[in-house]
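Remarks on the overall topology
Single-letter residue listing:
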Amino acid sequence: MGIRILTSLPKRLVFLIPASMLLGLGAGLVWDMSPLKVLVLPITMLMVYPMLVNFRIGEALSLRDWRAVGIAMALNFIALPLIAWGLARTFFAGEPGLFVGLLLVGLIPTSGMTISWTGFAQGNVSAAVRMTVVGLLVAALLAPVYLLVFAGAVVDVDVLDIGRTVLLVVFVPMIAGVATRYFLVRRYGQPHYKQHIAPLFPGLSTIGVMAIVFLAIGLKARMIAADPGLLLRVAVPLIVFYLTAFALATVASRVALSRSDALAAVFGSVMRNLSVALGIAIASFGPEAALVLAAAYIVQVQGAAWYVRFADRLFGPAAEELEPAVATA
């Protein structure tokens, strides 16, 4: 029963995130949660670690699906960061924390959700895996530079500190994840690992997401209570960002790619790695930035769910059914 609940958690993310936000808001209004800030980085690392157990660097070295991967990367590292920056300047010019939070939404692409939603829409899952690997590696290297360039005039950006945070949030869990997978496959064999062990990791990551969202909202609960319209002000630019991202990715993909590759490119660009971005936000920029990332979970999951429903209308019916992946944070 416990394993069944754990494996079902990612599918309920759209409900679990708002619930975590409400619990965090209530707890933050009742108690002073500032002493718990020291737990943010360890919880973030534990949240990212299950996502990276199946991470394969070799996927990044393959030239398969190069056109779809190239389009997704152009969107990820040119178009979407510029859109996020423009929206941040428009909506949060005088609010540094919210500014950098929205910017982070546009800077860190792809996650397990990229693979999951591509599978649900019957797109090219192997291309989505490749986009996830390439996107995370490139983002880990470029994030400190992009933050300095786009946000350096608004907030104090310590490149070395951001680099250290990225190292702890991305590369340490990545090394631990690869080692874990190697040990488990060697110990139990590939078939047993794939069928009985691998499906547990997305649920573990989802628990970490719930914990970090709870903390992010709890640490800023009194600010939210003092300004009830804050969540609405955060939601508006997020909705604009995701609508623009879906539209741009759809047009670019339909022009140059087949249906399956196009869907991989859409989800390989529009789905942002909010878990990693949230860890960077709350560790380096504070709860205001983290609030934007917490709200982005709701908009992103809802947007992806609706997009899957309209995939056949946008790209035509799938020629063959592909096995869907398991959603994760």
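Here's what I pulled together on the structure shown here. Note that the structure is predicted; figures quoted are calculated from it, not measured. (Residues numbered from 1 in each chain as written. Predicted model: local features only at pLDDT ≥ 70, side-chain atom pairs only at ≥ 80, totals over all residues. Heavy atoms only, no water.)

**Observations concerning the overall build of the protein**
- When helices and strands are tallied, the protein shows 16 helices and zero strands.
- In terms of overall size, the protein behaves like a compact globule, its C-alpha atoms giving a radius of gyration of 19 Å where 329 residues would be expected to give roughly 20 Å.
- Projected onto its principal axes, the C-alpha positions of the protein cover 55 × 45 × 35 Å.
- For the protein, the proportion of its 329 residues judged to be buried stands at 53%.
- Intrachain contacts of the protein at a sequence separation of at least 6 include 84% that bridge at least 24 residues.
- When the accessible surface of the protein is totalled, it reaches about 14,300 Å², and 68% of it is carbon and sulfur. (Helix = DSSP H or I, 4+ residues; strand = E, 2+ residues; numbered from the N terminus. Rg over C-alpha atoms; globule rule 2.2 N^0.38 Å. Buried < 20%, exposed > 50% of the residue type's maximum accessible area, 1.4 Å probe, protein only. Contact = heavy atoms within 4.5 Å. Areas by Shrake-Rupley, 256 points an atom, 1.4 Å probe, with all protein chains shown as cover.)

**Examining helix H11 (residues 200–219)**
- For H11, with 20 residues, the first-to-last C-alpha span of 29 Å sits near the 28 Å given by 1.5 Å per residue.
- Counting buried residues in H11 gives 15 out of 20 residues, a clear majority hidden from the surface. (Expected span 1.5 Å × (residues − 1).)

**Points about helix H3 (residues 40–51)**
- Across its twelve residues, H3 extends 17 Å between first and last C-alpha, which sits within 8% of the 16 Å expected from 1.5 Å per residue.
- Residues Val40, Thr44, Met47, Val48, Pro50 and Met51 constitute the buried set of H3. Down the axis of H3, the buried side of the element spans an arc of 160°, and every buried residue falls inside it.
- On its buried side, H3 packs onto helix H9 (159–188), H11 and helix H15 (274–284). (Arc of directions from axis to C-beta.)

**Examining the environment of alanine 311**
- Tracing the backbone shows alanine 311 in helix H16 (residues 287–315).
- Sequence separation between alanine 311 and arginine 259 is 52 residues, and the spatial gap between their C-alpha atoms is 9.2 Å.
- Those residues in contact with alanine 311 that lie beyond four places of it in its chain are Ala121, Arg259, Leu263 and Gly316.

**Observations concerning the packing of aromatic side chains**
- Applying the stated criterion across every chain, the model contains seven aromatic pairs.
- Geometrically, the ring pair formed by phenylalanine 91 and phenylalanine 92 is tilted, given 6.5 Å between the ring centres and 55° between the ring planes.
- Judged by relative accessible area, which is 33%, phenylalanine 91 ranks as partly exposed.
- Aromatic pair phenylalanine 241 and tyrosine 242: ring centres 5.2 Å apart, planes at 85°, arrangement edge-to-face. An identical accessibility class is assigned to phenylalanine 241 and tyrosine 242; each is buried.
- If you follow arginine 187 out to its NZ or CZ, it ends over the ring of tyrosine 188, 4.9 Å from the centre.
- The cationic tip of arginine 309 hangs over the ring face of tryptophan 306; the distance from NZ or CZ to the ring centre is 4.6 Å. (Phe/Tyr/Trp six-rings, centres within 6.5 Å; stacked < 30°, edge-to-face > 60°. Lys NZ or Arg CZ within 6 Å of the ring centre and 35° of its normal.)

**Some words on the side chain of aspartate 261**
- Its place among the elements puts aspartate 261 in helix H14 (residues 259–270).
- Each residue touching aspartate 261, except ones within four places of it in the same chain, is listed here: Asp65, Ala68 and Asn124.

**What about the nonpolar core?**
- Membership of the largest hydrophobic core comes to 100 residues, with the highest contact counts inside it found for Val105, Met131, Val213, Val234, Leu238 and Phe267.
- If sequence neighbours within four positions are ignored, leucine 238 has contacts with Leu102, Val105, Val292, Ala295, Ala296 and Val299.
- Grouped together as the second largest cluster of nonpolar side chains are six residues, Leu184, Ile197, Ala198 and Phe201 included. (Core = buried A, V, L, I, M, F, W, Y, C linked by side-chain atoms within 4.5 Å.)

**Looking at the packing of H9 against H15**
- Two elements in contact, H9 and H15, have axes separated by 10 Å at closest approach and are oriented at 135°. What the angle tells us is that H9 and H15 run oblique. Regarding H9 and H15, the two cross each other, and that crossing is right-handed. Residues Asp161, Ile162, Thr165, Val166, Val169 and Val170 of H9 pack against Val276, Gly279, Ile280, Ala283 and Ser284 of H15.
- Taken together, the residues of the contact of H9 with H15 break down into seven nonpolar, three polar and one charged. (Axes fitted to C-alpha atoms, helices over the stretch in contact; angles between N-to-C directions. Parallel < 35°, antiparallel > 145°, perpendicular 65-115°, else oblique. Left-handed = near helix turned anticlockwise from the far one by under 90°. Nonpolar A, V, L, I, M, F, W, Y, C, P; charged D, E, K, R; others polar.)

**Topic: unusual backbone geometry**
- Backbone geometry at glutamine 122 places phi at a positive 65°, although glycine is not the residue there.
- Looking at the element boundaries, glutamine 122 is found in the loop between helix H7 (112–120) and helix H8 (125–151).

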